[in-house]
Each structure stands twice: as structure tokens, then as C-alpha cells.
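Report on the structure
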Amino acid sequence: MYTEKVMDHFQHPRNVGEIENASGVGTVGNAKCGDIMRIYLDIDENQVIRDCKFKTFGCGAAIATSSMATELVKGKNIQDALEVTNKAVMEALDGLPPVKVHCSLLAEEAIHAALWDYAEKHDIKIEGLEKPKNDISEDEEDEDEY
Amino acid sequence: MNKLIYLDNAATTKTAQEVVDAMLPYYTEQFGNPSSIYGIGAANKDVITKNRDIIAGSLGAKTNEIYFTAGGSEADNWALKATAEAYEKKGNHIITSKIEHHAILHSCQYLESKGFEVTYLDVDENGVVDIEELKASIRPTTILISIMFANNEIGTIQPIKEIGAIAHEHEILFHTDAVQAFAQVPINVDEYHIDMLSSSAHKLNGPKGIGFLYIRTGVKIRSFVHGGAQERKRRAGTENVPGIVGYGTAVARAMRTMEKRTAKEVELRDYLIERIENEIPYCRLNGHRTLRLPNNVNFSFQFVEGESMLINLDLKGICASSGSACTSGSLDPSHVLLAIGLPHEIAHGSLRLTLSEEITKEDLDYVVDQLKEIVALIRSMSPLYEDFLKKNK
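Residues numbered from 1 in each chain as written. Chains lettered and ligands numbered in written order. Predicted model: local features only at pLDDT ≥ 70, side-chain atom pairs only at ≥ 80, totals over all residues. Heavy atoms only, no water.

Some thoughts on the overall build of chain B
Across its full length, chain B carries 13 helices and 12 strands. At 22 Å, chain B has a C-alpha radius of gyration in line with the 21 Å of a compact globule built from 393 residues. Overall, chain B is about 75 × 55 × 35 Å in size when its C-alpha atoms are taken along their principal axes. Here chain B, with 393 residues, has 60% of them falling under the buried criterion. Partitioning the intrachain contacts of chain B with sequence separation of at least 6 by distance along the chain shows that 72% fall at a separation of at least 24. (Helix = DSSP H or I, 4+ residues; strand = E, 2+ residues; numbered from the N terminus. Rg over C-alpha atoms; globule rule 2.2 N^0.38 Å. Buried < 20%, exposed > 50% of the residue type's maximum accessible area, 1.4 Å probe, protein only. Contact = heavy atoms within 4.5 Å.)

Structural notes on the interface of chain A and chain B
Listed by partner, the interface residues are 34 residues for chain A and 31 residues for chain B. With both chains or domains summed, chain A and chain B bury close to 2800 Å², and 61% of this area falls on carbon and sulfur atoms. At the junction of chain A with chain B, the criterion picks out 5 salt bridges. Counting across the interface, chain A meets chain B through 12 residue pairs in polar contact (both at pLDDT 80 or more). Those elements that provide at least two residues to the side of chain A that touches chain B are α1 (4-11), β2 (35-43), β3 (49-57) and α2 (60-73) of chain A. Ranked by the residues each element gives to the side of chain A that touches chain B, the list is headed by β3(A), at 4 residues. Split by residue class, the side of chain A that touches chain B holds 17 nonpolar, 6 polar and 11 charged. (Buried area = accessible area lost by both parts, 1.4 Å probe. Salt bridge = Lys/Arg side-chain N within 4 Å of Asp/Glu carboxyl O. Polar contact = N/O pair within 3.5 Å; in protein donor to acceptor, adjacent residues only side chain to side chain. Nonpolar A, V, L, I, M, F, W, Y, C, P; charged D, E, K, R; others polar.)

Section: the packing of aromatic side chains
Residue and element names in this part refer to chain B. Scanning the entire structure with this criterion turns up 10 aromatic pairs over all chains. When the centroid spacing of 5.9 Å and the interplanar angle of 90° are considered together, the rings of Y67 and W78 count as edge-to-face. Remark: W78 occurs in helix α4 (residues 72-86) and Y67 occurs in strand β2 (residues 66-69); sequence separation between them is 11 residues. Comparing Y67 with W78, the two get one shared label, buried. Through successive ring pairs, a cluster of aromatic residues spans Y282, F303, Y385 and F388. Over the ring of Y87 we find K220, and its NZ or CZ is 4.9 Å from the ring centre. (Phe/Tyr/Trp six-rings, centres within 6.5 Å; stacked < 30°, edge-to-face > 60°. Lys NZ or Arg CZ within 6 Å of the ring centre and 35° of its normal.)

Observations regarding the nonpolar core
Formed by 62 residues in total, the largest nonpolar core has its most connected members in B:F149, B:I187, B:I194, B:F212 and B:Y247. Broken down by element, the residue count for this core peaks at 7 residues, all from helix α8 (residues 241-279) of chain B. Among residues more than four places away in sequence, those in contact with B:I187 are B:S58, B:L59, B:F149, B:A178, B:A181, B:F182, B:Y192, B:I194 and B:L197. Counting 42 residues, the second-largest nonpolar core is a separate cluster that includes A:I63, A:I78, A:A113 and A:I126. (Core = buried A, V, L, I, M, F, W, Y, C linked by side-chain atoms within 4.5 Å.)

So, the environment of A:F54
Summarising the element assignment, A:F54 is placed in strand β3. Its relative accessible area of 0% is what places A:F54 among the buried residues. Separated by 75 residues in the primary sequence, A:F54 and A:L129 place their C-alpha atoms 20 Å from one another. With near-sequence residues (within four places) excluded, A:F54 lies in contact with A:P13, A:R14, A:N15, A:V16, A:G17, A:R38, A:I39, A:I63, A:S66, A:S67, A:T70 and B:M381.

Here we look at the sheet that holds strand β6 (residues 173-177) of chain B
Residue and element names in this part refer to chain B. Within the open sheet, the 7 strands sit side by side as β2-β8-β7-β6-β5-β3-β4. Their pairing is mixed. Strands at the two margins of the open sheet, each flanked by one partner only, are β2 and β4 (117-121). Pairs of neighbouring strands in the sheet enclose a mean axial angle of 20°, with direction left out of account. Of the strands in this sheet, β2, β7 (196-200) and β8 (211-215) are in contact with helix α3 (residues 39-59), which crosses β2 at around 115°. (Pairing = 2+ DSSP bridges. Axes fitted to C-alpha atoms, helices over the stretch in contact; angles between N-to-C directions.)

Describing the confidence of the model for chain A
Across chain A, the average pLDDT comes to 88, with 91% of residues at or above 70. Predicted confidence is poor over residues 135-146 of chain A, with pLDDT under 50, and the contacts of this stretch with residues over four places away or in other chains come to 26 contacts. (pLDDT = per-residue confidence, 0-100.)

Examining the sheet that holds β3(A)
As summarised here, the arrangement of the 3 strands in space is β1-β2-β3 (chain A), forming an open sheet in which the pairing is antiparallel. Strands at the two margins of the open sheet, each flanked by one partner only, are β1 (24-30) and β3 of chain A. Strand-to-strand twist in this sheet, taken as the mean axis angle between neighbours without regard to direction, amounts to 10°. Bridge count between β1(A) and β2(A): 7 bridges; the pairing is antiparallel. Residue pairing in the sheet places A:T27 in a bridge with A:R38 of β2(A). Along the sheet, α2(A) makes contact with β2 and β3 of chain A, crossing β3(A) at roughly 175°. The strands touched by helix α13 (residues 383-391) of chain B within the sheet are β2 and β3 of chain A, with β2(A) carrying the most contacts at an inclination of about 75°.

As for α3(B)
Residues and elements named next belong to chain B. Helix length check: α3, at 21 residues, gives a terminal C-alpha distance of 31 Å against a target of 30 Å (1.5 Å per residue), a fit within 8%. Every buried residue of α3 is listed here: G41, N44, V47, I48, N51, R52, I55, A56, S58 and L59. For α3, the elements touching its buried residues are α2 (25-28), β2, β7, β8 and α8. Just downstream of α3 lies G60, where phi reads positive at about 70°. (Expected span 1.5 Å × (residues − 1).)

Quick word on a nonpolar patch on the surface
Nonpolar side chains collect at one region of the surface, where B:F31, B:I37, B:Y38 and B:I40 lie side by side and expose about 490 Å² of accessible area between them. Tracing the backbone shows B:I37 in the loop between α2 and α3. (Patch = residues over 30% accessible without salt bridge, like charges linked within 9 Å, V, L, I, M, F, W, Y side chains within 5 Å. Areas by Shrake-Rupley, 256 points an atom, 1.4 Å probe, with all protein chains shown as cover.)

Notes on the environment of B:D8
Residue and element names in this part refer to chain B. Among the structural elements, D8 can be located in the loop between β1 (5-6) and α1 (17-23). Since its relative accessible area comes to 11%, D8 is described here as buried. Once the C-alpha coordinates of D8 and T354 are considered, the two residues, 346 residues apart in sequence, prove to be 5.0 Å apart. If we ignore the near neighbours within four places in the chain, the residues touching D8 are C319, A320, S321, R352 and T354.

Here you go:
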């Protein structure tokens, strides 16, 4: 059901992890639907994305799109990073099954959420970036241990 | 990595060689239509009766109470829709549970659209129907109670004997979907006061595309497929002779092996449950611990999403299933897991492993070893786990 590229990124995800004191962090999705993506950006003084990491709770497509999205934005300046759309992520993965298209939208939103966080922290405005609609935070639902 | 460990026997089973061998002549040599007058046709009438007899005997039913269908879903649809129609004058109320198969739930929704009223009983955290709630739900207009014998996802076995007795006492028809339970646990339709029972051959090493509905003599039920006199005029269509032969052979085989097979499965099932509980943290066994199908294991793993678990298991040669939304094509996880009270995110991380007689302890050791690594890997990538660890530092 998945392309070779998707399977490759699922089995060998690039850039998994966290960045301490990240320039921007964005978390989107919610556990209710079964997908949460968190993207960490390390942005240098020239507004170039020096490093990018992710953590994702989700299906194979969610993990593969997160991995591909981090690869695509790495090394880009923040303006160009905005051009990494869900379509671009999907194309880079040679396509996704129709029911999984929302995963690629989540990847785009996660990058936008991280950029928004960066912009807010640095009190700047990024041309064309809108406030992410799907940011979730710790107050959502408490995880109960059992 | 060539070995395939098939742990999805609740989805379907391997057709037994004995069953295939019994079926094959009915495609090539004894292919006649049982309704025909000449030898190779008419002889198949007796073949059908013989196999119907085997199946009836396994349930303590009479031969003419077994009606062949194209599978379990058809049997469920028939039982609900055709009795609802036949008993419409008596009443319009049906009682079922929230954890039924969709063949029941969607048939109930259809009947609701036609003016019937349906009560969907809650289940407790183990997936067991509450008998008191059932009793309280009975109305003068109740015509049918339909409760599954055992659940396909979490394996919980319902108190069918008690439910049957209650239905009988109130003169309400009792149907049970026994697709998962038949040939896994002993069933006697008289002892359990079952009026109708659905079953499907491919769950017990029989062929796909054949099932039956047991209908007790005296139950009024409309014909579901019109156009011929087959199945005592209640289900038209040339009989699936190879399928019926396969089904009869599979039932005879399953009854012969049931005691030994299920004893072995229970032992392996409990071994698997114990190893997972002891070795994988933050997990929860779904379904009742003892009132449980011999071959069913169902766990939820916190901070883990089901589909990614399944793909990773597949890469290791292990076939399993999950109640996660991503495996169903919808955004909601399994209605069964939600009904036993699991939060959405935990329902998404469920894993069902259903054993067969071929599974060995060594297979399960391999599965647990792989599963441990897979769950740890997925958690290492999970933002939920990251938050959990930070919170509990």
C-alpha cells in the first residue's frame, strides 16, 4: 500500500529526536485522531534552518511524512521553508494512499507551527505565515499511567 | 527472514488441506446442480444433507434448522432484518450490544431508519454485557435480542446461557453471532436457548464465501433471497456445493480437535499474555482474562500507534491486526475498544494477536522479542512518550 520511498522513510526515519533550546517548536494533530507531530527547528542568525528534528505519534505515513518534511526544510531559509507544502512532501515520497493525505497536511502544519513559534519568540513576522490552527499543548488530555 | 508467523486467525484462517481435498471433486467431477434430476446433480442433494447433518449435530440442532448463506455477514443481516419484518406486528424493539460486529450494528441502524427501536447495551471494562441492564431494557414490544457469543476483537465471551434464559422467559427471540466462537467453545442451542445463530466457515479452517444461519423450528423468518426453492424456500440460489462440503469437513475436523486444540491454545495464550505484561511496560490487556476465546490476545500499548506497530511486525514476518483508526480508513479507533472505556489515544495503540493450532511457544517467544523492540522504537519517536517522561522525571 505504501511506496518504496515511504517505506524507506518509515524504516529509516531521518532526523528523529529533540533539539534542546530549539529556536522554534511546533506540535500539531491530536491523539484522538491518532496523529501527533512535533517539529523542532534550530535556526541561525541568517534565518537559515540549521537543523530540524521530529517526534511523531502516528501511522506509517505520518512517520514517513515527518521524516521527509524535516529533510526538505533542512538548510533552507525560513521563507523557502514555507514553500515546503504537503504536496511537495507527498511528491517527494512518490505519493501516499488517499486516506493518508491528511498526514502530509499535518507535516506542513507542524513546520508552520514551529516557524510561528520561532517568529513569536523573536518577535518577527514571516511573510505568508498564518497562525497555525491545529496547535495542541499539554493541557489537551492528560496521559494516565496504568 | 522467511518464516511467516500468522497471528490473525480471527480475521481468517488457513483452509485445512483435508478441507480442500474434500471440496475439489465438487468443482470438476461432481459438479452437478443439486436441483437437477440426473445422477450427478441429484446425488449432490444427499451430499448437502450429509454436511448439513454434521453441522447441525455439532450444535445440538436439527438438520433442517441449518440454512446455508454466503457467510457470517449475510447470516447476521438475515437474522435481524427478516425477523424484524416477520415480527413487526408483535413489536418494534430490538436489544443488542455496543460491541457487536458491524454486520449487526449496521443492520440495526438500517432497521432504525425503518422505524424500529434499538437498545445498544453497554459493556463493562472487560467487554461483558450487564445482565441487569439487559433485563431492564426489555419492553412489551421487544421482539429480538441479538448478542454476540464472543467478541472478534477482544475475545470476551458473553454470558450466553443467562441471556438465552432471559430471552426465553420473556418469549423474545434470541440471536447470537457466533462467528468467532463456533468451534472454539462448545455450543448447544437448546441448553443456551438460542433461536438463531450465525457462523462463517473461513474462521474455522473452512473455505471463504460460505456460512450458515441456524434457525430454530417455529421461528418465523422471511426469505432473504428470492428466486428458488433452495434452503426450504428461505434462501434462493444454486447451493455452493463445494463450499458446503468444505464447511461440513471443517466442522467435523474442528469438533474432533476442539478439546485438545483449545487446551493448547489457552496455555499458549496465557503464556503470551504473561510475557507481554511482564516485559513491556505501560500496556493493558483488553478483554476478560478468563471469559476469553482460547486464541485471542489483545493489548493496548500506551504512546504507540497501531498501524506503525503492524507494519514493523510485518517487516519481521508477523501478521497481526489493530483497532487503530489508521487500519480502518476512518479517524475513529475501534468501537469495541471505545465501548470498554479506553481513551482514543490508547485505543489507537491496540494490537490483536489470534493464535492457531500451528503456533508454537518458540513462535511466541520470537514475537515477544520483536514486539519489545518495536514498541520501544515507536515510543522513542513518540512526542506523547517524551511528554510523559518529562512529566514524570
